[in-house]
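The residues making up each chain are set out below.
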Amino acid sequence: MLKKIIKALKNIREISDWKVIETIKEGHELYFIKQELDMNRAKKVSSYNVTVYRDFEEAGTKYRGSAQTTIHPGMSEKEVKKRIEESAFAAGFVKNKPYPIAEPSEAKGNISSRFQSGEISDWIAEIASEVFSQDTKEEAFLNSTEIYLTKTKTHILNSRGVDVQFDAVRAFIELVVTATGKEEVELYHQLRFSDYEPDSISKAVDEFLKEALDRAKAKPTPALGSAPVILVSEPAEDFLSYYVDNSSARAVYEKVSTFKIGDSVQGDFKGDGITVTLDPFMPGSFYSAPYDGDGFALDKEQIIKDGKLVKYWGDVRYSHYLGVEPTGNIHNFSVEPGRDSLDELREGPHLEIALFSAFNVDSITGDFGGEIRLGWYFDGKERYPITGGSISGNINQVQRDLLLSKEVQKSKRYSGPKAVKLFNVSVSGIK
């Protein structure tokens, strides 16, 4: 199939450049209702994502258009040619400023995983065993669980000579946890990772069960007006991703970010300065890869140091537009931990939040907020679980004094402080 596609791409004169991503996925999936296996499924699928680039000129202005299409393994040579001709035609209507595509480059590191040795059918059984090892509580249990383990072979080629391949094994677990208390509640969780670390899954599940128990006995969030707020776990990651989003060459080129190299991204701050590094080889990350989607070789890149922007990051296209060296698209980021322990951050009255119905961080305005699903309020004497109500604020107004925890966490693409403490955040309670 790859030969058919490349033959068609080379024979259509309107195509200036092209890229093909061949993906072969071998997956195993388990579906549980409580602890009973409901479905066991395996699959092996191939797909070909083709991008064609077309250079053209109108009224003395040069453009580069592009269009993507998917080629299926069963398509005939005639069907492949027709699909690519249609894409080349569509690309003629896309008026982008000209840009180059990736040139050949050597990988600067490797991704390794225990999953790459042995059969994924054996590994998924090991994962399932660990998931249910903590499901022993009477008042909280796993109501439904889906486990996916997929081995992916990626092959990227382009018309400039890029021809790279890499493998990855990625795990995805979806859980619905139910707890009974004053009322029956359900909490939804996801886990994504690419390496097996013994006990890490069971620890996460145990935490989910405890959170569900707390949610079942939670009181309404008090109407605090404004208060110190500690974001823990995923909301902390979401909050800090604002700085990654605004450091991208694309965001700066499209003028949705005002970040400038050499400037402080936190203004005149007095709290913890943020240091951010993009790491394509982050151990265990769901998104680790030696190359980005253009076949550009990735490397570890520090983009913010002590609150100051040191480098933009981005793919070949937007880095070219901005006149900076490309880093490629890197999805993993790490943030250096702070000086205070979580216990120190918890001193004094505060609201601590672990789960939102949806926590939104607007990367353009810096506005953040969401409805609280589970948190804990400490009034200076007593700490108890709360739910309902919401918080809201703006990063530009709270980043001056923010504090990062010494404790760290790892997630699907993040390594860094487990908690971020913010001051004077608006809290809308329900009592």
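Residues numbered from 1 in each chain as written. Predicted model: local features only at pLDDT ≥ 70, side-chain atom pairs only at ≥ 80, totals over all residues. Heavy atoms only, no water.

- Looking at an unreviewed UniProt entry, the protein chain carries the name Metalloprotease TldD/E C-terminal domain-containing protein, with the source organism given as Kosmotoga arenicorallina S304.

## Concerning the side chain of Asp292
- Tracing the sequence through the fold places Asp292 in the loop between strand S9 (276-278) and strand S10 (301-305).
- A distance of 3.1 Å separates the side chain of Asp292 from the backbone nitrogen of Asn329, its partner in a polar contact.
- When sequence neighbours within four positions are dropped, the list of residues in contact with Asp292 reads Ile156, Leu298, Asp315, Gly328 and Asn329. (Helix = DSSP H or I, 4+ residues; strand = E, 2+ residues; numbered from the N terminus. Polar contact = N/O pair within 3.5 Å; in protein donor to acceptor, adjacent residues only side chain to side chain. Contact = heavy atoms within 4.5 Å.)

## Quick notes on unusual backbone geometry
- In the Ramachandran plot, Ser233 falls in the positive-phi region, its phi being about 65 degrees despite a non-glycine side chain.
- Structurally, Ser233 is set in the loop between strand S8 (225-232) and helix H5 (234-245).
- Of the residues examined, Ser233 reaches a relative accessible area of 15% and is grouped as buried.
- With phi around 55 degrees, Asn424 is a residue other than glycine that occupies positive phi space.
- Position of Asn424 among the secondary structure elements: in strand S21 (residues 419-428).
- Looking at Asn424, the relative accessible area reads 64%, which means it is exposed. (Buried < 20%, exposed > 50% of the residue type's maximum accessible area, 1.4 Å probe, protein only.)

## Digging into the packing of helix H1 (residues 2-11) against helix H2 (residues 77-91)
- Here H1 crosses H2 at 45 degrees, and the two axes come no closer than 9 Å. Comparing their axes, H2 and H1 come out oblique. Regarding H1 and H2, the two cross each other, and that crossing is right-handed. Here Lys4, Ile5, Lys7, Ala8 and Leu9 of H1 come into contact with H2, specifically with Glu77, Val80, Lys81 and Ile84.
- In terms of residue class, the contact of H1 with H2 is built from five nonpolar, no polar and four charged. (Axes fitted to C-alpha atoms, helices over the stretch in contact; angles between N-to-C directions. Parallel < 35°, antiparallel > 145°, perpendicular 65-115°, else oblique. Left-handed = near helix turned anticlockwise from the far one by under 90°. Nonpolar A, V, L, I, M, F, W, Y, C, P; charged D, E, K, R; others polar.)

## A word on the sheet that holds strand S6 (residues 185-193)
- Taken in spatial order, the six strands make up an open sheet running S3-S2-S1-S4-S5-S6, and their pairing is antiparallel. With one partner strand each, in any of the chains shown, strand S3 (61-71) and S6 form the two edges of the open sheet. With strand direction ignored, the average angle separating the axes of adjacent strands in the sheet is 20 degrees.
- Here 17 bridges tie strand S1 (residues 17-33) to strand S2 (residues 36-58), and the two strands are oriented antiparallel to one another. Directly across from Trp18, in S2, lies its bridge partner Val52.
- Along the sheet, H1 contacts S1, S2, S3 and strand S4 (140-158); its crossing angle with S1, the most-contacted strand, is approximately 145 degrees.
- Strands in contact with H2 are S2 and S3; relative to S3, the strand with the most contacts, it is inclined by about 150 degrees. (Pairing = 2+ DSSP bridges.)

## Quick look at the domain arrangement of the protein chain
- The domain boundaries assigned to the protein chain delineate domain 1 (1-213), domain 2 (220-238 + 338-428) and domain 3 (251-335).
- Spacing between the C-alpha centres of domain 1 and domain 3 amounts to 22 Å.
- Here domain 1 meets domain 3 over a buried area of about 2,200 Å², counting both sides, of which 60% is carbon and sulfur.
- For the pair domain 1 and domain 3, the number of links is one salt bridge.
- Measuring nitrogen to oxygen at the nearest pair gives 2.9 Å for the salt bridge that ties Lys19 to Asp294.
- If you look at where domain 1 meets domain 3, you find nine residue pairs in polar contact (both at pLDDT 80 or more).
- The set of elements that each furnish at least two residues to the side of domain 1 that touches domain 3 consists of S1, S4, strand S5 (163-179) and S6. (Domains from an automatic or database assignment. Buried area = accessible area lost by both parts, 1.4 Å probe. Salt bridge = Lys/Arg side-chain N within 4 Å of Asp/Glu carboxyl O.)

## Things to note about the UniProt feature "domain: Metalloprotease TldD/E C-terminal" (unreviewed entry) in the protein chain
- On the UniProt side, "domain: Metalloprotease TldD/E C-terminal" (unreviewed entry) is annotated at positions that read residues 225-429 here.
- Along residues 225-429 the backbone is 16% helical and 35% strand, and the end-to-end C-alpha distance reaches 8 Å. (UniProt positions renumbered as here; feature names shortened; annotations may be inferred.)

## Quick word on the pairing of S10
- Here three bridges tie S9 to S10, and the two strands are oriented antiparallel to one another. Paired with Thr277 across the strands is Gln302, a residue of S10.
- Both S10 and strand S11 (residues 308-309) contribute to a ladder of two bridges, which runs antiparallel. Looking at the pairing, Lys305 lines up with Lys308 of S11.
- The turn joining S10 and S11, which pair antiparallel and follow one another in sequence, is formed by two residues; a positive phi near 50 degrees is taken by Asp306.

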